[in-house]
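Residues per chain, in single letters:
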Amino acid sequence: MSRAIPRTYWAAGTAVLLALLFAAAATVAAANGGSAAPAPAAPRTPGLHSADAGFARDMAVHHQQAVEMSFIVRDRTQDEAVRTLAYDIANTQANQRGMLLGWLDLWGLPKVVADEPPMSWMGGSAGHGGHAGHGPAKPGALMPGMATKEELEQLGAASGRDAEVLFLQLMTDHHKGGVTMAEGCAQQCGTPVERDLAQGMVDAQRSELTLMADMLKQRGATPRG
């Protein structure tokens, strides 16, 4: 009997609730600015090159590719387990991407910064296309874990079991890169609600990594590398 696929909506739902509370607190603080009672301190707006802003920009791009791969495999297989996993990933990461871009708008920061290397907010070797724990991005990939244009074309041309295996392998790599990035924000970001979202990503994607390893094994395959 196939293993039930866990839903990951809780991560997005929790973060949405926290974001609403964050916005409400900021509104109340602004409204009480002229009253005699001391108002709560307004949250500090992250800077252009802060970990908060860098993570939001990079993870929005990272998530967009996961959504793209999920929609591709949905049309390349009839396997219910893979299609359900793809739907969960697409729905969760699209919601999270919207939140990340919304925070950039709230902070008055651009979604793209010219000449800013991906992952530079993580420090160390991250500014050269890599980050601690997952190594550099492979040739043709923007960030660690991301698929290349050629790999996306291969996924779009495959079908049935071949598409399922390639999707699971590509998404496994993608999640590994995403987990390390989210761990970086959970440690470095200064905005509490963003740190909570990042930790939720870590927990959910680790669970999906275990699930995808099992699904690959069922298909006589293994993760790459």
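These lines cover the structure that appears in this document, whether it is placed above or below. (Residues numbered from 1 in each chain as written. Predicted model: local features only at pLDDT ≥ 70, side-chain atom pairs only at ≥ 80, totals over all residues. Heavy atoms only, no water.)

### Brief notes about the pattern of salt bridges
Close approach of charged atoms allows side chains of opposite charge to pair. Applying the stated criterion across every chain yields a total of 10 salt bridges. The closest approach of N and O atoms between Asp79 and Arg219, which form a salt bridge, is 3.0 Å. Here Asp79, found in the loop between helix H2 (51-74) and helix H3 (80-107), pairs with Arg219, found in the segment after helix H6 (192-218); they are 140 residues apart in sequence, far enough to count as distant. A salt bridge links Glu151 to Arg224, with the shortest nitrogen-to-oxygen separation between them at 3.2 Å. (Salt bridge = Lys/Arg side-chain N within 4 Å of Asp/Glu carboxyl O. Helix = DSSP H or I, 4+ residues; strand = E, 2+ residues; numbered from the N terminus.)

### Considerations on the packing of aromatic side chains
Here the structure, examined in full by the defined rule, presents 2 aromatic pairs. The interplanar angle of 80° and the centroid separation of 5.7 Å between the aromatic rings of Phe55 and Trp121 together place this pair among those described as edge-to-face. Linking Phe55 in helix H2 with Trp121 in the loop between H3 and strand S1 (130-131), this pair joins segments that are 66 residues apart in sequence. Here the two residues Phe55 and Trp121 agree in accessibility, since each one is buried. Their ring planes at 20° and their centres at 6.4 Å tell us that Trp103 and Trp107 sit as a pair that is stacked. Here Trp107 and Trp103 lie together in helix H3, a separation of 4 residues that amounts to about one turn. Look at Trp103 and you get buried, because its relative accessible area is 5%. Judged by relative accessible area, Trp107 falls into the buried class, the value being 9%. (Phe/Tyr/Trp six-rings, centres within 6.5 Å; stacked < 30°, edge-to-face > 60°. Buried < 20%, exposed > 50% of the residue type's maximum accessible area, 1.4 Å probe, protein only.)

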